[in-house]
Amino acid sequence: MATPPESPVEEHAYELEPNRTPKPIPVALEELCRQTKFTKQEIRVMYRGFKTECPDGVVHEDSFKDIYAKFFPHGNSALYAHYVFKAFDVNCSGAISFRELLVTLSTLLRGSVYERLRWAFRLYDVDGDGAITRQELGEVVVAVHELLGRRAPPGSPAARIDDAKANEQVDRVFRKLDLNQDGVITIEEFLESCLKDEVITRSLQMFDTVL
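No experiment lies behind these values; they were computed from the predicted model shown. Residue numbers run consecutively from 1 along every chain, following the written order of its sequence. In keeping with the predicted nature of the model, local features appear solely for residues at pLDDT of at least 70, side-chain atom pairs appear and are counted solely at 80 or more, and the whole-chain, interface and lining totals rest on all residues. To obtain the side-chain values, all non-hydrogen atoms of the structure were included, while hydrogens and water were left out.

Participant: Describe empty space enclosed by the protein, naming the residues involved and giving the relevant values.
Facilitator: Using a grid of 1 Å spacing that covers the protein atoms alone, one calls a set of points a cavity when a 1.4 Å probe fits there but cannot get out, and a pocket when the set is open and has protein on both sides within 12 Å along at least five of seven lines; lining residues are those with an atom within 4 Å of a point. Grid points are joined across faces, edges and corners, and a volume is the space filled by probe spheres set on the points. One pass over the full model with this rule turns up one cavity of 30 Å³ or more. Each pocket or cavity is described by its volume, and for the largest cavity that value is around 30 Å³. Lining the largest cavity are Val142, His145, Arg150, Arg151, Asp162, Asp163 and Ala166. Helix numbering and strand numbering both begin at the N terminus, where a helix is a DSSP run of H or I of at least 4 residues and a strand a DSSP run of E of at least 2. Listing elements by their share of the lining of the largest cavity, those giving two or more residues are helix H7 (134–147) and helix H8 (157–177). With three residues, the top contributor of residues to the lining of the largest cavity is H8. Following the grouping adopted for this structure description, the nonpolar residues are Ala, Val, Leu, Ile, Met, Phe, Trp, Tyr, Cys and Pro, the charged ones are Asp, Glu, Lys and Arg, and the polar ones are all others, Gly among them. In terms of residue class, the lining of the largest cavity is built from two nonpolar, one polar and four charged.

Participant: Hey, could you go over the pattern of salt bridges for me, with residue numbers and the actual values?
Facilitator: Definition used for salt bridges: Asp or Glu carboxyl oxygen within 4 Å of a side-chain nitrogen of Lys or Arg. According to the stated counting rule, one finds eight salt bridges in the structure shown. With its nearest N and O atoms 3.3 Å apart, the salt bridge here joins glutamate 115 to lysine 37. With a gap of 78 residues between them, glutamate 115 in helix H6 (residues 113–124) and lysine 37 in the loop between helix H1 (29–35) and helix H2 (40–53) connect regions that are remote in the sequence. Residue glutamate 192 pairs with lysine 196 through a salt bridge whose shortest N-O separation is 3.1 Å.

What follows is the structure in structure tokens.
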């Protein structure tokens, strides 16, 4: 049954204390419309689907990984799904609320190139300290290779070749993004480098079409 036009959308708020049960709070459609680039009707449709798949009102990491595994059955998606989950989980509660899901999807599907790049930076900034190290970049690159099934079984001769290629790729990309060569990539460097790269910009502009 459709949500009445002006009824609130139920969401879950989290306390900072551990082992606390999420408390449902009403979130007005008007507020969600202001925070995203979706219409009320689009939000209602997404909310119905969200509640069907996640009756407790949140998405936990295990469920998130299961979803990725269905889309990428030929690779190991667990590690990449972990990093994406962290980027979606804005308040670091360990679960993704409907609001967080909606805001992130709005950014990825309808945000500007600048907004999408800022989200991509969050994905690569694994520890959330505001800078991307070579190790963090390498971890995500390895996760992408595993996701796409491009990594041979660990310990095999093919795996050593794959690792060498991945390291070369990471070194090349890191040198390109670390403009002042100080060993870390800041958000300013990331944005400046990516916005100058026509391939990256074009890919981000096509993101909504691909999805």
